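Single-letter residue listing:
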Amino acid sequence: MVRFTTDQKVYIKILYWGMGGSGKTTIVDTLYRLTKEDDKDIKPTGELTKISMESGSTLYFDRGIFQSTKQRKVFYHVYTVAGQSRFSPLRKKIFKGTDGVIFTIDSQTHFFEDNIESLKELKNVTRGKLIKEIPLIVMLNKQDLTEVIGEEDVKQVLKDEKLWYEPNNELYIWNPILYKTCALWDKKRNIYRSFNECARRTVLYQIYGDGSAPIGIDYSQFSEDLQKI
Ligand SMILES: Nc1nc2c(ncn2[C@@H]2O[C@H](COP(=O)(O)OP(=O)(O)OP(=O)(O)O)[C@@H](O)[C@H]2O)c(=O)[nH]1
Ligand SMILES: [Mg+2]
């Protein structure tokens, strides 16, 4: 839930959700490093918080706080869940108050079913709010590897799960964008872009939709309206 505080600051919660090992922690690491080094629209404030096992797998969550460089009162609380199946109850807790979700797929073909299971759990936790009230972005991560699934495979899954709208539906414009990504620092691909799109949509949902997917937006007003939040 976007929080507006008395000091006029705005806190937006973005969550990376996906099966264990899909790359969520690596993505946030890379996002942190590249926004710290490069001149982007967000900058990290402080260090990343990571609660993980010795193996590197997340035990509870990771969290980073980023500040918008253009709208300095806007802050993003970026979380990852612990993706291993046994942490399902913890994920539910971490999900609380989420404004935007980045569903992170492990693109290796042999994990196809595990990704679907993770998506079903997400749907269950969000109780029908995905896309309608919570913007959804999809990362097909680990695209640097061979034997990976493609966009059409994922699109079909989204259709099967009723997370894809046809052009005659007014929610069509809010269909999740599918990004082919690589989270490894040396080969990083689409890490910032995918985050940025989720953040942008989350703000649009707040400004123009009062917390729901806005219909028929006039983008010409966007930067002016952004000043008002
Ligand atoms: N080749 C490749 N490996 C990746 C990529 N992203 C992450 N990895 C590797 O995948 C493994 C798991 O990555 P994590 O970031 O720990 O995955 P996670 O989604 O946070 O896993 P949990 O915390 O268990 O949910 C690590 O060895 C990463 O280096 C990628 O884009 N390409
Ligand atoms: Mg992790």
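For the structure, check the block above.
This structure is a prediction, so every number in the text was calculated from the model and none was measured. (Residues numbered from 1 in each chain as written. Chains lettered and ligands numbered in written order. Predicted model: local features only at pLDDT ≥ 70, side-chain atom pairs only at ≥ 80, totals over all residues. Heavy atoms only, no water.)

In terms of helices and strands, the chain carries six helices and nine strands. With the C-alpha coordinates aligned to their principal axes, the bounding extent of the chain is approximately 45 × 45 × 35 Å. Per-residue burial over the chain gives 49% buried out of 229 residues. Here the analysis covers contacts within the chain between residues at least 6 apart in sequence; of these, 66% occur between residues at least 24 apart. Counting every atom, the chain has about 11500 Å² of accessible surface; 47% of that belongs to carbon and sulfur. Averaging the positions of the 35 positive and the 31 negative side-chain charges in the chain gives two centres separated by 4 Å. (Helix = DSSP H or I, 4+ residues; strand = E, 2+ residues; numbered from the N terminus. Buried < 20%, exposed > 50% of the residue type's maximum accessible area, 1.4 Å probe, protein only. Contact = heavy atoms within 4.5 Å. Areas by Shrake-Rupley, 256 points an atom, 1.4 Å probe, with all protein chains shown as cover. Lys, Arg positive; Asp, Glu negative; His and termini not counted. Charge placed at Lys NZ, Arg CZ, Asp CG, Glu CD.)

Below, the discussion takes up helix α3 (residues 112-126). In this model, α3 (15 residues) spans 21 Å end to end at C-alpha, consistent with the 21 Å of a helix rising 1.5 Å per residue. For α3, the complete set of buried residues consists of Asn115, Ile116, Ser118, Leu119, Glu121, Leu122, Val125 and Thr126. In the segment just after α3, Arg127 is the residue with positive phi, at about 45°. (Expected span 1.5 Å × (residues − 1).)

Its location among the elements puts Lys24 in helix α1 (residues 24-37). Although Lys24 is buried, it makes no salt bridge; Asp62 carries the closest opposite charge, 7.7 Å away. Polar contacts involving the side chain of Lys24 include one to the side chain of Ser22, which spans 3.5 Å. Beyond its immediate stretch of four places on either side in the chain, Lys24 contacts Tyr16, Trp17, Gly18, Met19, Thr80, Val81, Gly83 and Thr104. (Salt bridge = Lys/Arg side-chain N within 4 Å of Asp/Glu carboxyl O. Polar contact = N/O pair within 3.5 Å; in protein donor to acceptor, adjacent residues only side chain to side chain.)

As a further point, take unusual backbone geometry. One non-glycine residue, Ile131, lies in positive phi territory at about 70°. Mapped onto the elements of the fold, Ile131 is located in the loop between α3 and β8 (136-141). Unusually for a residue other than glycine, Glu147 sits at a positive phi of about 55°.

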